[in-house]
Amino acid sequence: MKKRSETEYSPSDRLTIESLMGLGGQSARKSHYPELVAKIEELENERNRYKSIFENAQHGIFQARLESGLIAANPALARICGYTDPQQLCSRVDSFASGLLFDRDEYPLLLEKLKLYGKLFSYETRLLRQDGSAVDVSLNVLIKEDNQGGLMEAFVADITERKKAQNKLKKLNEELELRVEERTQELVSLNQKLVSEINERRAIEQALKVARDAAEQANKSKDKYLAAASHDLLQPLNAARLLVSTLQERELATENNHLVERIHMALEGAEELLSDLLDISRLDQNAVQPDLTSIPLNYLFRMLQVEFQPVAEQRSVSLRVQGSGLNIRSDTRLLMRVLRNFLSNAFRYTHTGRVLLGVRRRGEYLELQVWDTGPGIPEDKLGDIFKEFQQIDHQYQTGRKGVGLGLAIVERIAGMLDHPIRVSSRPGKGTMFSVSVPVSSDAVQAILQPQQMAHQDLSGRPILVIDNEPDILVSMQALLEQWSCDVYAAIDPAEAIEKYLRKGVEPQLILADFHLNDNATGVEAVDQVRAFAGYDIPAAIITADRSPEGRKLFRERQLPVLNKPVKPGKLRALITHLLQPPQQSES
């Protein structure tokens, strides 16, 4: 930009500058003149910059007096209003009262709001163009005051296209509403034609409702009965099982031994059938909620080995377990139910040979497999084995025949856990059942590995048994005394404390039923006995309760659990484990 020389400034200009700076003429010319020139150039450059922005802005900009008209406008505003040049626009709109820019009725409203608020943002209105048409705009307006009165500055955005789009959308909505109304009228007409049919169907629907209500009531009654059966029916079975086990361990005549064994097999069959029916019912009602945790696979396999090794020895079948050091994510109880069923079936149908419990890695899953050398399953029967009450008859079947619910339960559990199951078989060679479980990377606390302790000496060990069922107390006392334990039986903790502890008895173990009289629990009974004794007596809960809430409570209190009907082998192993000295139990 060309610099203005000193001669281009008039005397009045210099006087103004000097007076602004507070300097005399001689002082300004001699010592401050270069600084003044620099400041003036700086102001000039700033003015030119704002002028460039003003002239090249995309949106319209104008400045106007409130009571008159436009003072200045930029080219963008001129284009919006249909003028070739901003000066032409300003010359024509020298008063807003003329109605040449704002509508005569609209401007007073705008002015009133502007004076009230001092500024307006996104204010939508219409400006008149040179040809008399109107353009939709959005205004950001500020009001100022100077020595000449009110001053309005505004930024103007053309929103014509947006308005067109809104109007088009409005029109489409109106057309859609019209079509909906027409269609609604058609549907109303059709509905009126269907009224007669609906009336005819009402009688059928009412009959179906009555039948449905009756079925639901019957189902509820069944569920109530099964819920009661889970406790009431298992109680006498538990007592009978314990008494028969006591007889099995005694020396009886050969013919009596045979009768006791037949009773034992009958009770085992009734127990399995009842347990399976209860499990099927609870699974079908979605009453079983999985508790997924990280589990060391070797821990599960060791528990199964301890449980099934006596079965293998009794049937002269080799049991081989091949585990893995990996952890899996599953529900311990439900997964054990699946694997127990696979192993039970393997031993049931394997006359000679071996049973293998093993594992194979399948990517992020482990396939837990049970192989046997039994007679196998014909290919045309593989689709039936997971149905209720379906069994494959084999001439080589050993032991008691099942009831045909085990694999149906396995299929439901596997589906609930999202653990795929698989079966393959070669008739005459054997069968393989498997379940796939995800590998877990979560850390797992060390778990005490189960040990086989069936033949440990329990002579003279004082054991307190708390159960509100007299038959259970008699049965438990008979079995524990058969193992030479000193047994102290009570129906509740109060009787145990008054009858035994106050008289100096110091029990080394508490076996408590979970459901006691007056809504008391075995957990509370253990707490009361421990509190009176003044030391932490080892304890276990014996119960028919298989609810998730119960399992959570026992786990939180670190109380081992045996489910009714109690298997004597498991009971003796648990007692032996709990009565071990601490240094031995940690080894």
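Throughout what follows, the structure given in this document is the object of discussion. Residue numbers here run from 1 along each chain, matching the order of that chain's written sequence. Since the coordinates come from a predicted model, pLDDT governs what is reported: local features require at least 70, and pairs of side-chain atoms require 80 or more to be given and counted, while whole-chain, interface and lining totals use all residues. Working from all heavy atoms in the structure, the side-chain values ignore hydrogens and water.

**Focus on the overall build of the protein**
Quick note on the threshold: For helices the rule is a DSSP run of H or I covering at least 4 residues; for strands it is a run of E covering at least 2, with both sets numbered from the N terminus onward. The buried label goes to any residue with under 20% of its type's maximum accessible area, the exposed label to any with over 50%, and the partly exposed label to all in between, with areas taken from a 1.4 Å probe on protein chains only. Whether two residues touch is decided by their heavy atoms; if any such pair falls within 4.5 Å, the residues are in contact. Areas reported as accessible are Shrake-Rupley estimates using a 1.4 Å probe. Residue values count occlusion only from the protein chains shown.
On a plain count of helices and strands, the protein comes out with 17 helices and 17 strands. Of all 587 residues assigned to the protein, the portion counted as buried reaches 37%. Considering only intrachain contacts with a sequence separation of at least 6, the fraction spanning at least 24 residues in the protein is 65%. Of the accessible surface of the protein, which amounts to about 34,000 Å², a share of 51% is contributed by carbon and sulfur atoms.

**With respect to the sheet that holds strand β14 (residues 486-490)**
The strands making up a sheet are joined through hydrogen bonds of the backbone, oriented either antiparallel or parallel. Put simply, the rule reads: A pair of strands is considered paired only if DSSP assigns at least 2 bridges between the two. To obtain each axis, a line is fitted to C-alpha atoms, and for helices this fit is confined to the stretch in contact; angles are then taken between N-to-C directions over 0 to 180 degrees.
The parallel open sheet is built from five strands, whose spatial order is β14-β13-β15-β16-β17. Each edge of the sheet is formed by a strand with only one pairing partner; in this case those strands are β14 and β17 (561-563). The mean angle between the axes of side-by-side strands here comes to 20°, regardless of whether they run parallel or antiparallel. Bridging between strand β13 (residues 462-466) and strand β15 (residues 509-513) involves four bridges; their strand directions are parallel. Residue I466 lies in a different strand from β15, and its bridge partner there is A512.

**Some details on the packing of aromatic side chains**
Rules: Here a pair means two rings of Phe, Tyr or Trp (six-membered ring of Trp) with centres within 6.5 Å. Their orientation is stacked below 30 degrees between planes, edge-to-face above 60, and tilted elsewhere.
Taken as a whole, this structure holds five aromatic pairs when the rule is applied. A centroid spacing of 6.0 Å and a plane angle of 10° characterise the contact between F308 and F347, whose relative ring orientation is stacked. Pair noted here: F308 is in helix α9 (residues 297-314) and F347 is in helix α10 (residues 332-349), with a separation of 39 residues, a long-range link. Classification of F308 by relative accessible area gives buried; the value is 6%. Under the relative-accessibility criterion, F347 is labelled buried at 1%.

**Focus on the pattern of salt bridges**
Going by this rule: Salt bridges are defined by distance alone: a side-chain nitrogen of Lys or Arg within 4 Å of a carboxyl oxygen of Asp or Glu.
Across all of its chains, the model carries 20 salt bridges by this definition. Of the charged contacts in the structure, one is a salt bridge between D146 and R65, with a shortest N-O distance of 2.8 Å. Residue D146 is located in strand β4 (residues 134-146), and its partner R65 is located in strand β1 (residues 60-65); the two are separated by 81 residues in the primary sequence. Residues E498 and R502 are paired through a salt bridge, measuring 3.0 Å at the closest nitrogen-oxygen approach. Judged by relative accessible area, E498 falls into the partly exposed class, the value being 49%. Taken together, the shared-partner salt bridges connect E124, R162 and K163 into one network.

**Comments concerning the environment of L127**
For L127, the location among the structural elements is in strand β3 (residues 119-128). It is 9.5 Å that separates the C-alpha atoms of L127 and G99, two residues lying 28 residues apart in sequence. In this structure L127 touches L77, C81, L101, F102, S133, A134, V135, V137 and V156, once residues within four positions along its chain are discounted.

**Re the nonpolar core**
Soluble, globular proteins show a tendency: their nonpolar side chains are buried together. For clarity, the threshold we go by: Nonpolar core, defined: a set of buried Ala, Val, Leu, Ile, Met, Phe, Trp, Tyr and Cys residues in which side-chain atoms within 4.5 Å join the residues together.
Counting 36 residues, the largest nonpolar core has F342 and L368 as the members making the most contacts within it. The set of elements that each furnish at least two residues to this core consists of α9, α10, β9 (354-362), β10 (365-372), α11 (406-417) and β12 (430-440). Here this core gets nine residues from one element, more than from any other, and that element is α10. What L368 contacts, discounting residues up to four positions off in sequence, is L297, F301, L335, L339, G358, V359, F433, S434, V435 and V437. If you look at the next biggest cluster of nonpolar residues, it comprises 30 residues, including I80, Y107, L120 and V156.

**Notes on the packing of α9 against α10**
Where we set the bar: In these notes the angle categories are as follows: under 35 degrees is roughly parallel, over 145 is roughly antiparallel, 65 to 115 is roughly perpendicular, and the rest is oblique. Handedness of each helix crossing follows the sense of rotation of the near helix against the far helix: counterclockwise by less than a right angle gives left-handed, clockwise gives right-handed. In this classification, the charged set is Asp, Glu, Lys and Arg, the nonpolar set is Ala, Val, Leu, Ile, Met, Phe, Trp, Tyr, Cys and Pro, and all remaining amino acids, among them Gly, are polar.
Across the interface, α9 lies against α10 with an axial gap of 11 Å and an inter-helix angle of 30°. Of the possible angle classes, the one that applies to α9 and α10 is roughly parallel. Pair α9 / α10 crosses with right-handed handedness. When α9 is examined against α10, the residues L300, F301, M303, L304, E307, F308, V311 and A312 are found in contact with a partner set consisting of T332, L335, M336, L339, R340, L343, S344 and F347. The class makeup of the residues in the contact of α9 with α10 is 12 nonpolar, two polar and two charged.

**A short note on the packing of α10 against α11**
With their axes 10 Å apart at the nearest point, α10 and α11 run at an angle of 150° to one another. The handedness of the crossing between α10 and α11 is left-handed. Along the contact surface, α10 presents L334, L335, R337, V338, N341, F342 and N345, while α11 presents G406, L407, I409, V410, I413, M416 and L417. Along the lines of polarity and charge, the residues of the contact of α10 with α11 split into 10 nonpolar, three polar and one charged.

**Re the sheet that holds β3**
Pairing within the open sheet is antiparallel, and its five strands lie in the order β2-β1-β5-β4-β3. With partners counted over all chains shown, the strands left at the sheet margins are β2 (70-73) and β3, one partner each. Going from strand to strand, the sheet's axes swing by 30° on average, the running direction of each strand aside. In the sheet, β3 pairs with β4 via eight bridges, with the strands oriented antiparallel.

**Comments concerning the side chain of S440**
Definition in use: Distance and chemistry together define a polar contact, namely a pair of N or O atoms within 3.5 Å, with one atom able to donate a hydrogen and the other to accept it when in protein, and with adjacent residues in sequence counting only for side-chain atoms on both sides.
Considering the arrangement of structural elements, one finds S440 in strand β12. Given the relative accessible area of 10%, S440 is considered buried. For S440, the side chain forms a polar contact with the side chain of S294, separated by 2.5 Å. Leave out the neighbours within four places in its chain, and S440 touches S294, N327, I328 and R329.

**A word on the pairing of β13**
Put simply, the test is: The crossover handedness rule: strands pointing away from the viewer, path from first strand over the helix to second strand clockwise, crossover right-handed.
Most of β13 is tucked away: five of the five residues are buried. As paired strands, β13 and β14 are joined by five bridges and run parallel to one another. Following the sheet pairing, I463 is matched in β14 by V487. Crossover connection from β13 via helix α12 (residues 470-482) to parallel β14: handedness right-handed.

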